[in-house]
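# Architecture and fold: a report
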Amino acid sequence: MRQPLTLKDHHHEHRLFSLRLLVAVALVLVLSLVLVGRMAWLQIAQHSRFTTLSDNNRVLTQAMSPPRGLITDRNGEILAVNRPDFTLELAVEQSADLNDTLDRIRRLIPLTDDDLERFERRRTSARRPWEPIPLRGRLTEEEIARIAVHQHELPGARVTASPVRFYPHSHLFSHVLGYVNRLSAEDLDNMTLAEQRNYSGTHYYGRTGVERYYEHRLHGQVGYRQVETNARGRILRVLEEQPPIPGGDLRLSLDLKVQQAAYDALGERRGAVVAIDPRDGSVLAFVSRPGFDPNLFVTGISHKDYARYQQDHDHPLFNRALQGRYPPGSTVKPMLGLAGLDAGVTTWERTIHDPGYFSLEGNPHRYRDWKRWGHGQVDMEKAVVQSCDTYFYDMGFRLGIDRMHDFMIGFSIGEATGIDLLNESEGNMPSRQWKRAARNAPWFHGDTINTSIGQGFMLTTPLQLVVATAILANDGHQVVPTLAADETHPPRRPDIVLKDPQNWERMKHAMEAVVHSNRGTGRVMAKDARYHMGAKSGTAQVFSVGQEETYNEEELAERMLDHALIVSFAPVENPAIAVAVMVENGRHGGSVAGPVARQVMDAWLLDEDGNPSVPKPLARPPIQNALPAPVNTTAAAHSTRTAAQ
Amino acid sequence: MSQVDPVRTTDNGGHAIFRTPVATRLHLDPPLLAALLLTMLGGLAVLYSASGGSLDTVVRQAIRFGGGLLVMLVLAQLPPRTFRFWAPLVYGVGLALLALVILVGTEAKGAQRWLSLPGIGRFQPAELMKLAVPAMVAWFFSDRTLPPSKRNVLGSLVLIFLPTVLIAMQPDLGTALLIAAAGLVVLFMAGLSWRLIGLAVLVLVVAAPLMYFFVLHDYQRTRVDTFLNPEADPRGAGWNIIQSKTAIGSGGIGGKGWQDGTQSRLDFLPESHTDFILAVLGEEFGLIGFLLLLAVYLVIIGRGFFISWQAQETFSRLLAAALTMTFFIYVFVNVGMVSGLLPVVGVPLPLVSYGGTSIVTLLASFGMLMSIHTHRRFINF
C-alpha cells in the first residue's frame, strides 16, 4: 500500500513551532508568577505568623523556681530547710530503645514500680519534646558514681541536683509544720492565672500545716530564662534572664525546747499538747502523737509507707491538737463558774450540799458526781479545787444553756481560735438552735445539766482548751494563737468583761489551789515547783470507737477508757504560758496529763540551771485588719471517735 | 546580536580564528554561561550557610560543578547531528540498563535506583534517560511531518512511557514523571493537537484519584496525605514541610541575613542543604533573594527558548525547547514542594541543591543547548 507522499513543509513547521514556543513562554511566565505569589504570601502576608513559629521553635522560656523560704523556731533553730537531691533524668527522645535503656539503668540502680509508674505517667502526658523526665530521686553517692561510669551506655540519661525540702526534726514537728509535696495539676487548676504563672517552675507545694498556710510567703517569685535551643533541645545560649526572688524565711513562735519537752513528756501515748504564751498568742508547743515523718511525703510517699500510716489504728496522720474533738469535761469548770458568777446565779460565798448526785425537782433521775458519796458542803472554790460535779449541775441548771452558750463562745469554745493553720475544727458549744438544726430535737434540762460539767454535746479541741485557758489567764483579754513570729492577727471576738473583775483573780487562785493545795485534783503536777501555777484537770468519757475498726478485746478495753485532760497556766501572778494536755484513754487528768503540762511549763519558765526565768514575749507588729489567711474549713473527720454520753 | 559569529567572520575564505573570541572558539554561549555561573556562585554561598559553614561541602560541590562544566564543554563541541545520531543507541542502552536495575540493582532507601558498575561505582540509569528520552522523541519526529499524525503520536508515547514505567517500578515516581514530562514537552512542541491535549488533561484528572488508591505505594500516599494536611502529624511526616514553610515565612521580605537563618542553623529544617535548600535561601535572603534567583533562572530559560527558536532543524529545535522546559519544571516542582504548593517529591533545586548526578546531567543538557546554538550554518545570499 502506498502512502501519499508528504513533504516536510519547513516554513509551516517553523511557524507551528514558534507558536508552541510562545505558549511555552507564556506557561513559564504564568507558573513563575504562581511561585512568586506563593512566596510573597508566605513571606509578606504570613510573615508574622511564621516568625512566631520560628521563634517558638528556637526560643525556650524556662521558669526558674525560687528557693523556698526556711522555717525556724523563735530562736533561729532550723525546722525546714532545702537540701540538694540528686535525681536521674531521662530525655526519652535521645534514647533509641527506651526499654533497653531502662533495663540498663535497672541493672545499675534499683528502680521501684512506683518510680516506673510515675515516669511512664509523665512520659505519656503532654510535655515539650526533648525535655528530660525524672526517673528516680534520692540517688546515693555510690549510685551517682555508677551512673557516671556507664553514662556512655545510657543515651539521654543525666543526673541533676535540685533543692528538696528537708525537715531535720522529722516526727517532732510533723503536725504543725506539715510538709510540701509535688505540685499537682489539680493545685494549678485551683490557682488564678497570675498564681499559675508564678508556679510555672515550681515542683513542690505546701500541703499541710504551716507549709500550707504560709505557702504564699515561703514560695517567692518565679524567675525566667529565655534560652535558644536547637532542634534536639540542646541549649546554645541564654538570651535573657530574670532571676527568681527567693521565698521569705519564716520564723515561728514555736520553741524547740518546749516542743521537745511536750513531745517527750507525752511519750508513746496517743494525745496532744498545745502550749501558748497568753501575752502575745505565741504558740510555744504544738504536738499531736503519734506523728509521722514528713520527709517521706516530699518527693512522693511510697504506697507501702502510705498504707502503713493509713491502716495504723493510732491514726498518726490525724492532727489531734487541731482537729480532735473531745468533750472538755471538768477542764471548762473555771470558765463555767465565771459564767455563773457573772450572771449572778451564784457567788463565791454560796454553798450547796452535795449528796453525791443532783436531781431535778419532781424527777427521780440522779445526775451523779464523780465522788459517789459526795463532797458535803461545797462553795465555788471547793467545787473547782475538788471538781465537784453536783455544784456545777446546780449552778448550770440555774444559769441555763443560753447564757452558758453566749459566755463560753467568748473563750472560743465552739468557734475557731483563728490559729494560722488550715482546717481547724470548731468543736461544738451546744445551744437550742444547734440542737434543733443538728438533731432536730428540742433542748432538754438534762442537756443543760450535762453541758454544765463539760460533757453532753460539748466538744473542744486541745487547741481551743488552751486558748480558753489563756483568755482566762489574761483576765478576759482575747488571744489569737499565732505560729508566725512576725504576724499579729486581729482578735475574732471582743474581750470578756466581767461585772466584777475581781472574779478573774479569785478563779485563778481557785485554779492555783487545784495544784498547790493538798486536796486539789492536780496536786501531783505542782510537786517541787519553783513557781506557782493554776490548773484544772478533767476526764472525758469515751462513748464509741469507730465501727469500721477492728480491735482485739484488750485493745478495745483500753480504748474505752476515759481521756485524761488538763488545762494550766503559769506563773499565776503574771501568766506567761498556758498549756492544754489531752492523753487519749489516759483516765486521770491530774496524775497523767498534769505531769506532762508541768514539763512543758518547766521548759519554758526555767532557765538552764533550773531557776525561774520568764522569757520576754515576742515583739509583734501592730494589728493588721485584713486577714490574709485562706478560708478555714471545719474538718469533721474522726468526730465520731469520741463524744459525750 | 553582539556575539560575533565564527562562520560570518571567515566567509572571506581567510582563517581568522585569532579574531574570534575564546567563547566562540570553544562553542560556548556567553549569556547562558554567565547566567549559569551566577546561579552556581550564588548557590555555593547558600550552600555554605545551609551546611552550617562547612567549607568541605562547598568545595565538593564546586568540584562537581567543575566536572559538570567539563561535560558541558565537551558536549558543546559536538555538532547536534552527533546527538541525533547517537540518540536511538543511548536510548536503547538506557532502556536495557533500566531493566537491569529492576533485576540486579542496588537498593537504597527502599528503592532500587542504582547500578553498581565495577570500577566506575554506582550509577543511576534514570539520570541518563533525562537526556535520552527527549533526544529520542526529538529524533523520532525529526524526519516526520509535523504536526504529527495520530500514528506518530502513539509511537512517541510508546517511546516516552517505556522508560517511565520502568523507572516508576523502581519505584521512583518523581523521576518517572519528570522524564515523562520531558518527552511530552517534545510532543507538545512538535505540534500535538489541542484536542488531544485536552483529552489527556481530562484523562489525568479522572485517573489521578484512581492512581492514588491503586498505583501508589504507601510511602507515596503518605506524601500526598502530608501535602494535603501537614498538621496531621506535625512531628512526623508533616515536619519537613511545616519547618520549611516556617523558614521561608519567617524570612520576610529582606531575610534574616546570610548564616543567620535560625531554622537551618539550629537544625529545625531537615534536608536543608539538599532538596530543601530553597527554604534556607528564603529564610536568609527573603523574598528579594528568591526573586533574584528566579530572575536568573528566567534568563537561563529565556536564553534556552531563544536558542530553540533560532535552531535550524526540527531535532535541535525540539530538543532545545524540551531541555529548557524540563529545567523550568525542575525549578517549579522544587519551589512548589518546598513552599508547600506541591507534594514532596525528591527534586533538587537546579544548580543550588547539594549533590549528585543531577548537576552533571543539567550541565550536560546546557552543553547540548550550546552545541545547538554554536553549530548553526549561515548561508549568505
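Scoring rules and cut-offs
- Residues numbered from 1 in each chain as written.
- Chains lettered and ligands numbered in written order.
- Predicted model: local features only at pLDDT ≥ 70, side-chain atom pairs only at ≥ 80, totals over all residues.
- Heavy atoms only, no water.
- Helix = DSSP H or I, 4+ residues; strand = E, 2+ residues; numbered from the N terminus.
- Buried < 20%, exposed > 50% of the residue type's maximum accessible area, 1.4 Å probe, protein only.
- Lys, Arg positive; Asp, Glu negative; His and termini not counted.
- Charge placed at Lys NZ, Arg CZ, Asp CG, Glu CD.
- Pairing = 2+ DSSP bridges.
- Axes fitted to C-alpha atoms, helices over the stretch in contact; angles between N-to-C directions.
- Contact = heavy atoms within 4.5 Å.
- Buried area = accessible area lost by both parts, 1.4 Å probe.
- Salt bridge = Lys/Arg side-chain N within 4 Å of Asp/Glu carboxyl O.
- Polar contact = N/O pair within 3.5 Å; in protein donor to acceptor, adjacent residues only side chain to side chain.
- Patch = residues over 30% accessible without salt bridge, like charges linked within 9 Å, V, L, I, M, F, W, Y side chains within 5 Å.
- Areas by Shrake-Rupley, 256 points an atom, 1.4 Å probe, with all protein chains shown as cover.
- Core = buried A, V, L, I, M, F, W, Y, C linked by side-chain atoms within 4.5 Å.
- Domains from an automatic or database assignment.
- pLDDT = per-residue confidence, 0-100.
- Expected span 1.5 Å × (residues − 1).
- Nonpolar A, V, L, I, M, F, W, Y, C, P; charged D, E, K, R; others polar.
- Parallel < 35°, antiparallel > 145°, perpendicular 65-115°, else oblique.
- Left-handed = near helix turned anticlockwise from the far one by under 90°.
- Phe/Tyr/Trp six-rings, centres within 6.5 Å; stacked < 30°, edge-to-face > 60°.
- Lys NZ or Arg CZ within 6 Å of the ring centre and 35° of its normal.

### Focus: the overall build of chain A
- Check the secondary structure of chain A and you find 24 helices and 21 strands.
- The dimensions of chain A, computed from C-alpha atoms along their principal axes, are 155 × 55 × 55 Å.
- Counting across all 645 residues of chain A, residues that qualify as buried make up 54%.
- When the 72 positive and 77 negative side-chain charges of chain A are each reduced to one mean point, those points stand 5 Å apart.

### Here's the deal with the sheet that holds strand 10 (residues 235-242) of chain A
Residues and elements named next belong to chain A.
- With antiparallel pairing, three strands are arranged side by side in an open sheet as 1-9-10. Every interior strand has two partners, whereas the edge strands, strand 1 (59-64) and strand 10, have only one. Between one strand axis and the next, the sheet turns through 25° on average, direction left out of account.
- Summarising the sheet, strand 9 (residues 223-229) and strand 10 pair through six bridges and their orientation is antiparallel. Looking at strand 10, one finds that Y224 is bridged to Q242.
- Across the sheet, helix 2 (residues 47-58) is in contact with strand 1, strand 9 and strand 10; its angle to strand 1 comes to roughly 50°.

### Considerations on the interface of chain B and chain A
- Each side of the interface is counted separately: chain B has 58 residues, and chain A has 42 residues.
- Buried area between chain B and chain A, both sides added, is near 4,200 Å², and the carbon and sulfur share of it is 70%.
- For chain B, the biggest contributors to the area lost against chain A are B:M189, B:L266 and B:R317; these three give 13% of the whole.
- At the junction of chain B with chain A, the criterion picks out one salt bridge.
- Summed over the shared surface of chain B and chain A, the number is 15 residue pairs in polar contact (both at pLDDT 80 or more).
- Only helix 6 (125-142), helix 8 (173-189), helix 9 (194-214), helix 11 (239-251), helix 12 (262-265), helix 13 (277-310) and helix 14 (314-338) of chain B provide two or more residues apiece to the side of chain B that touches chain A.
- Broken down by element, the side of chain B that touches chain A gets its largest block of residues, twelve residues, from helix 13 of chain B.

### What about a nonpolar patch on the surface?
Residue and element names in this part refer to chain B.
- There is a patch of nonpolar side chains on the surface, built from V206, L210, M211, F213, F214 and V215 and spanning about 640 Å² of accessible area.
- Within the element layout of this structure, M211 appears in helix 9.
- For M211, a relative accessible area of 34% corresponds to the partly exposed category.

### Description of the pattern of salt bridges
- Applying the stated criterion to the full structure yields 39 salt bridges over all chains.
- Residue A:R104 pairs with A:E153 through a salt bridge whose shortest N-O separation is 3.5 Å. Here A:R104 is found in helix 3 (residues 98-108), whereas its partner A:E153 is found in the loop between helix 5 (141-149) and strand 5 (157-166), with 49 residues between them in sequence.
- A:E153 sits in the partly exposed class, given a relative accessible area of 30%.
- Several salt bridges share partner residues, and in doing so they unite A:D55, A:R58, A:E228, A:R237 and B:R265 into one network.

### Things to note about the nonpolar core
- Ranked by size, the top nonpolar core spans 133 residues in total, and within it A:V210, A:F286, A:F411 and A:I577 carry the most contacts.
- In terms of domain composition, this core takes at least three residues from each of domain 1 (61-251) and domain 2 (321-571 + 590-645) of chain A.
- Residues within four places of A:F411 in sequence aside, it is in contact with A:M335, A:L338, A:Q464, A:A468, A:I471, A:L472, A:I496 and A:W504.
- Core analysis: the next-biggest nonpolar cluster, separate from the first, contains 110 residues, B:L28, B:L287, B:L294 and B:L351 among them.

### Remarks on the confidence of the model for chain B
Residues and elements named next belong to chain B.
- Taken residue by residue, chain B gives an average pLDDT of 85. The fraction at 70 or more is 87%.
- Ranking the elements of chain B by mean pLDDT puts helix 1 (residues 6-9) last with 48 and helix 13 first with 95.
- A low-confidence stretch, residues 1-11 (pLDDT under 50), is modelled with 18 contacts involving residues beyond four sequence positions or located in other chains.

### Some points on unusual backbone geometry
All names here are of chain A.
- Going from R289 to P290, the amide bond is cis rather than trans, its omega being 0°.
- The residue after A570, namely P571, is reached through a cis peptide bond having omega -15°.
- Within the fold, P571 resides in the loop between strand 20 (563-570) and strand 21 (577-583).
- We note that D475 has phi near 60°; this positive angle belongs to a residue other than glycine.
- As for its position among the elements, D475 is in the loop between helix 21 (462-473) and helix 22 (502-516).

### Thoughts on helix 14 of chain B
- Along its 25 residues, helix 14 of chain B runs 36 Å from first to last C-alpha, staying within 8% of the 36 Å computed at 1.5 Å per residue.
- Counting buried positions over the 25 residues of helix 14 of chain B gives 25, a clear majority of the element.

### Re the sheet that holds strand 14 (residues 283-289) of chain A
Residues and elements named next belong to chain A.
- Spatially, five strands are ordered 14-13-21-20-19 in an open sheet, and the strand pairing comes out antiparallel. The open sheet terminates on both sides in strands that have one partner only, identified here as strand 14 and strand 19 (534-540). Here the strands of the sheet are splayed against their neighbours by 5° on average, with no regard to which way each runs.
- Sheet topology places strand 19 next to strand 20; seven bridges connect them, and they run antiparallel.

### Description of the domain arrangement of chain A
Residue and element names in this part refer to chain A.
- If you check the domain split of chain A, you get domain 1 (61-251) and domain 2 (321-571 + 590-645).
- Each of domain 1 and domain 2 was reduced to a C-alpha centroid, and the two centroids are 46 Å apart.
- When residues of domain 1 are sorted by the area they lose upon contact with domain 2, R74, Y213 and R251 head the list and together hold 52% of the total.
- On inspection of domain 1 and its partner domain 2, the count reaches two salt bridges.
- Among the salt bridges present, the one from R217 reaches D486, with a minimum N-O distance of 2.7 Å.
- For the pair domain 1 and domain 2, the number of links is four residue pairs in polar contact (both at pLDDT 80 or more).
- Breaking the side of domain 1 that touches domain 2 down by element, the ones donating at least two residues are helix 9 (209-213) and strand 12 (250-251).
- Element by element, the count of residues in the side of domain 1 that touches domain 2 is highest for helix 9, at four residues.
- Here the side of domain 1 that touches domain 2 is built from residues that sort into five nonpolar, one polar and four charged.

### A short note on the side chain of A:S425
- Its location among the elements puts A:S425 in the loop between helix 18 (401-409) and helix 19 (432-439).
- Within the structure, A:S425 has its side chain in polar contact with the backbone nitrogen of A:G427 (distance 3.3 Å).

### A look at the packing of helix 15 (residues 333-343) of chain A against helix 17 (residues 389-399) of chain A
Residues and elements named next belong to chain A.
- It is the contact of helix 15 with helix 17, at a shortest axis distance of 10 Å, that shows an interaxial angle of 45°. Relative to helix 17, helix 15 is oriented oblique. Like other packed secondary-structure pairs, helix 15 and helix 17 cross with a definite hand, here left-handed. Between helix 15, through K333, L336, G337, A339, G340 and A343, and helix 17, the contact on the second element is made entirely by D389, F392, M395 and L399.
- Residues of the contact of helix 15 with helix 17, tallied by class, amount to six nonpolar, two polar and two charged.

### A few points about the packing of aromatic side chains
Residues and elements named next belong to chain A.
- Enumeration over the complete set of coordinates arrives at 25 aromatic pairs over all chains.
- Residues Y213 and Y214 carry aromatic rings whose centres are separated by 4.9 Å and whose planes lie at 70° to one another, so their mutual orientation is edge-to-face.
- Owing to a relative accessible area of 5%, Y213 belongs among the buried residues under this scheme.
- Judged by centre distance (6.4 Å) and plane angle (55°), the rings of F358 and F397 are tilted. Taken together, the residues span a long stretch of sequence, with F358 in strand 16 (residues 357-358) and F397 in helix 17 at a distance of 39 residues.
- Judged by its relative accessible area of 29%, F397 is partly exposed.
- Every member of this aromatic cluster is reached through a ring pair, and the members are Y179, F292, F297, Y306 and Y309.
- A cation over an aromatic ring shows up here: R308 above the ring of Y309, its NZ or CZ 5.1 Å from the ring centre.

### Concerning the pairing of strand 3 (residues 78-90) of chain A
Residue and element names in this part refer to chain A.
- Pairing geometry for strand 2 (residues 71-72) and strand 3, over two bridges, is antiparallel. If you follow I71 over to strand 3, its bridge partner there is A80.
- Counted between consecutive antiparallel strands, the loop separating strand 2 from strand 3 contains five residues, among which G76 sits at a positive phi close to 85°.
- Across three bridges, strand 3 lies against strand 4 (residues 133-136) in antiparallel orientation. From the neighbouring strand, L88 faces strand 4, where its bridge partner is R136.

### Here we look at the environment of A:T140
All names here are of chain A.
- Examined against the element boundaries, T140 turns out to sit in the loop between strand 4 and helix 5.
- Look at T140 and you get partly exposed, because its relative accessible area is 39%.
- Linking T140 and F86, residues 54 residues apart in sequence, is a C-alpha distance of 7.7 Å.

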